[in-house]
Amino acid sequence: MTLRIGIIGCGGIGQEHARRLHFKLAGAQVVAINDINVAAATQFSEMSGIKARVLDTYQAVIDAPDVDALVVASWGPAHEEQVLACIAAGKPVFCEKPLAVTAEGARRIVEAEVQAGKKLVQVGFMRRYDAGYRALKATLDAGTVGDALLVHAAHRNPAVPEMYVGDMSITDTFIHEIDVFRWLLNDDYVSVQVIEGRKTRNAHAGLHDPITVLLETRQGIRIDTEIFVACRFGYDIQCHVVGETGVASLPEPMSVPLRSNARQGSGLLMDWKLRFIDSYDVELQDWIEATVRGEVNGPDAWDGYVASVTAEACIEARKTKQILPIALPERPAFYSRQG
Ligand code: NAD
Ligand code: ISE
């Protein structure tokens, strides 16, 4: 069976997902597209060779009888309304992160899905599909370094655009770590502290960069993460888990070791799109296959909700300069199953 897909939001990642779904992955075809910038969506549909119908509203894409499932890749503030409309139509939806820009919005999605009685929503936390993170998780689950005690992590981007301001270091960037650590450690968070240190002169006026986020988990694991989005030198993701008997680290991306010009070293990536490019493929192939089976196999609406609650607590902790508790309700039984 070919899964017929509608894309809502056809900017940077929407276009990449449309291309990979239509041309690269097995079992999917993009049949309809919407973007508030209709001209750009039309141009993309033609130039990419996908030649999907471009519809005037996202609701028209959801309602199209030949659309089996949706990908929401619009701006974050539009996600809640669009995902709720997919649930109301009973259609499966892959929503790019964040699920919603507020915890309250994400909770409304969880409630709507529970009410609908069927899991329909997957959130685009692609790191769970990255070969390096999967190898690290397998090592931790096997007990190779004993119980995890500490995590030292970093999320470094060379630069961010002028529109990236305020708490986007948390809501746009650190949100990936928020999801991947709880998956990696089979745990949830209980408290957070955010520290703003000396600001780099390379960050623009609307951004305090870098920041450090300290999370504590239910099991007492302490996680420190540096988020440094104007670091200039590379797109660099680090994760080192200190266990009782050793340290397990996220593998570095493959890069040819060089001895040249009296120096020894290897290259760093500069673009986040390349760092996790394979994981987007694995993520969406898995989504296609699970959707055809009528299942949600990846990060679900509950995971999106937990990420939003945690991000909100981080923002409040940053503002108040306090260590704040993170209050999460128990995971409903509905979210322990796949279908
Ligand atoms: P972008 O600005 O390049 O594209 C967003 C597109 O959505 C634009 O074309 C815009 O016109 C369109 N849009 C905005 N509001 C809309 C609406 N109400 N209905 C239809 N279209 C609408 O942004 P982007 O970088 O592609 O990011 C899109 C989403 O994907 C964001 O939520 C972002 O956080 C997420 N993202 C995820 C990753 C990842 O690694 N998983 C990477 C980049 C972006
Ligand atoms: C971007 O939106 C992403 O999702 C990337 O994965 C992340 O590394 C980057 O910081 C974000 O801006």
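Thresholds applied
- Residues numbered from 1 in each chain as written.
- Chains lettered and ligands numbered in written order.
- Predicted model: local features only at pLDDT ≥ 70, side-chain atom pairs only at ≥ 80, totals over all residues.
- Heavy atoms only, no water.
- UniProt positions renumbered as here; feature names shortened; annotations may be inferred.
- Helix = DSSP H or I, 4+ residues; strand = E, 2+ residues; numbered from the N terminus.
- Axes fitted to C-alpha atoms, helices over the stretch in contact; angles between N-to-C directions.
- Parallel < 35°, antiparallel > 145°, perpendicular 65-115°, else oblique.
- Contact = heavy atoms within 4.5 Å.
- Nonpolar A, V, L, I, M, F, W, Y, C, P; charged D, E, K, R; others polar.
- Expected span 1.5 Å × (residues − 1).
- Buried < 20%, exposed > 50% of the residue type's maximum accessible area, 1.4 Å probe, protein only.
- Near = heavy atom within 4 Å.
- Polar contact = N/O pair within 3.5 Å; in protein donor to acceptor, adjacent residues only side chain to side chain.
- Areas by Shrake-Rupley, 256 points an atom, 1.4 Å probe, with all protein chains shown as cover.
- Phe/Tyr/Trp six-rings, centres within 6.5 Å; stacked < 30°, edge-to-face > 60°.
- Lys, Arg positive; Asp, Glu negative; His and termini not counted.
- Salt bridge = Lys/Arg side-chain N within 4 Å of Asp/Glu carboxyl O.
- 1 Å grid on protein atoms, 1.4 Å probe; cavity = no way out; pocket = protein on both sides within 12 Å on 5 of 7 lines; lining within 4 Å.
- Points joined across faces, edges and corners; volume = space filled by probe spheres on them.
- Domains from an automatic or database assignment.
- Buried area = accessible area lost by both parts, 1.4 Å probe.

### Remarks on the UniProt feature "domain: Gfo/Idh/MocA-like oxidoreductase N-terminal" (unreviewed entry) in the protein chain
Link 1 in the chain: According to UniProt, the feature "domain: Gfo/Idh/MocA-like oxidoreductase N-terminal" (unreviewed entry) maps to residues 3–125 in the numbering used here.
Link 2 in the chain: The annotated region residues 3–125 carries 46% helix and 20% strand content, and the separation between its end C-alpha atoms amounts to 21 Å.

### Brief notes about the packing of helix H4 (residues 76–89) against helix H5 (residues 103–116)
Link 1 in the chain: Between H4 and H5, whose axes approach to 10 Å, the crossing angle comes to 0 degrees. Classified by the angle their axes make, H4 and H5 are roughly parallel. Between H4 and H5, the residues in contact are Glu80, Val83, Leu84 and Ile87 and Gly105, Arg108, Ile109, Ala112, Glu113 and Ala116, respectively.
Link 2 in the chain: Split by residue class, the contact of H4 with H5 holds six nonpolar, one polar and three charged.

### Things to note about helix H7 (residues 168–185)
Link 1 in the chain: Taking 1.5 Å per residue as the helical rise, H7 with its 18 residues ought to reach 26 Å, and the 25 Å between its terminal C-alpha atoms agrees with that figure.
Link 2 in the chain: Burial analysis of H7 places 16 of its 18 residues in the buried class, the great majority of the element.
Link 3 in the chain: Of the residues flanking the end of H7, it is Asn186, one or two places downstream, whose phi is positive at about 50 degrees.

### Considering the site of ligand 2
Link 1 in the chain: If you check the shell around ligand 2, you find Lys97, His155, Asn157, Tyr164, Asp172, Thr173, His176, Tyr235 and Trp272 and nothing else.
Link 2 in the chain: Note that an oxygen atom of ligand 2 is positioned 2.9 Å from one of the side-chain N or O atoms of Lys97.
Link 3 in the chain: His176 places a polar side-chain atom, nitrogen or oxygen, 2.8 Å from an oxygen atom of ligand 2.
Link 4 in the chain: Coverage of ligand 2 by the protein amounts to 87% of the 300 Å² it exposes when considered alone.
Link 5 in the chain: Considering each element in turn, the shell around ligand 2 owes the most residues, three residues, to H7.
Link 6 in the chain: Across the shell around ligand 2, the residue classes tally to three nonpolar, four polar and two charged.

### So, the packing of aromatic side chains
Link 1 in the chain: Enumeration according to the criterion identifies five aromatic pairs in this entry.
Link 2 in the chain: Ring geometry for Trp302 versus Tyr305: centroids 5.2 Å apart, planes at 50 degrees, classification tilted. Taken together, the residues Trp302 and Tyr305, both in helix H10 (residues 301–320) and three residues apart, mark about one turn of the helix. For the pair Trp302 and Tyr305, a shared accessibility class is recorded, and that class is buried.
Link 3 in the chain: Three or more aromatic residues joined by ring pairs form one cluster here, namely Trp302, Tyr305, Phe334 and Tyr335.

### Here we look at the side chain of Glu96
Link 1 in the chain: For Glu96, the location among the structural elements is in the loop between strand E5 (93–95) and H5.
Link 2 in the chain: Within the buried set, Glu96 has no salt-bridge partner at all; the shortest N-O distance to an opposite charge, 6.0 Å, is to Lys97.
Link 3 in the chain: Once you skip the residues sitting within four places of it in the chain, Glu96 turns out to touch Ile13, His17, Val72, Ala73, His79 and Gly124.

### Describing the layout of surface pockets
Link 1 in the chain: Within this model, the second largest pocket holds a volume of roughly 290 Å³.
Link 2 in the chain: In terms of lining, the second largest pocket is formed by 17 residues, of which the most central are Asp130, Ala131, Pro253, Arg275 and Asp278.
Link 3 in the chain: When residues of the lining of the second largest pocket are assigned to their parent elements, the largest contribution, four residues, is made by helix H9 (residues 277–293).
Link 4 in the chain: When its residues are assigned to classes, the lining of the second largest pocket shows eleven nonpolar, two polar and four charged.
Link 5 in the chain: Formed jointly, the lining of the second largest pocket draws a minimum of three residues from each of two domains, domain 1 (3–127 + 278–299 + 331–336) and domain 2 (131–271 + 308–325).

### Some words on the domain arrangement of the protein chain
Link 1 in the chain: You can read the domains of the protein chain as domain 1 (3–127 + 278–299 + 331–336) and domain 2 (131–271 + 308–325).
Link 2 in the chain: Computed over C-alpha atoms, the centres of domain 1 and domain 2 are 27 Å apart.
Link 3 in the chain: Of the roughly 1100 Å² buried where domain 1 meets domain 2, counting both sides, 56% is carbon and sulfur surface.
Link 4 in the chain: Per-residue buried area on domain 1 facing domain 2 is highest for Lys97, Phe125 and Arg127; these three make up 63% of the total on that side.
Link 5 in the chain: Counting across the interface, domain 1 meets domain 2 through two salt bridges.
Link 6 in the chain: Lys97 serves as the salt-bridge partner of Asp172, at 3.3 Å between the closest nitrogen and oxygen.
Link 7 in the chain: For the interface between domain 1 and domain 2, the tally reads six residue pairs in polar contact (both at pLDDT 80 or more).
Link 8 in the chain: A per-class count over the side of domain 1 that touches domain 2 returns six nonpolar, two polar and three charged.

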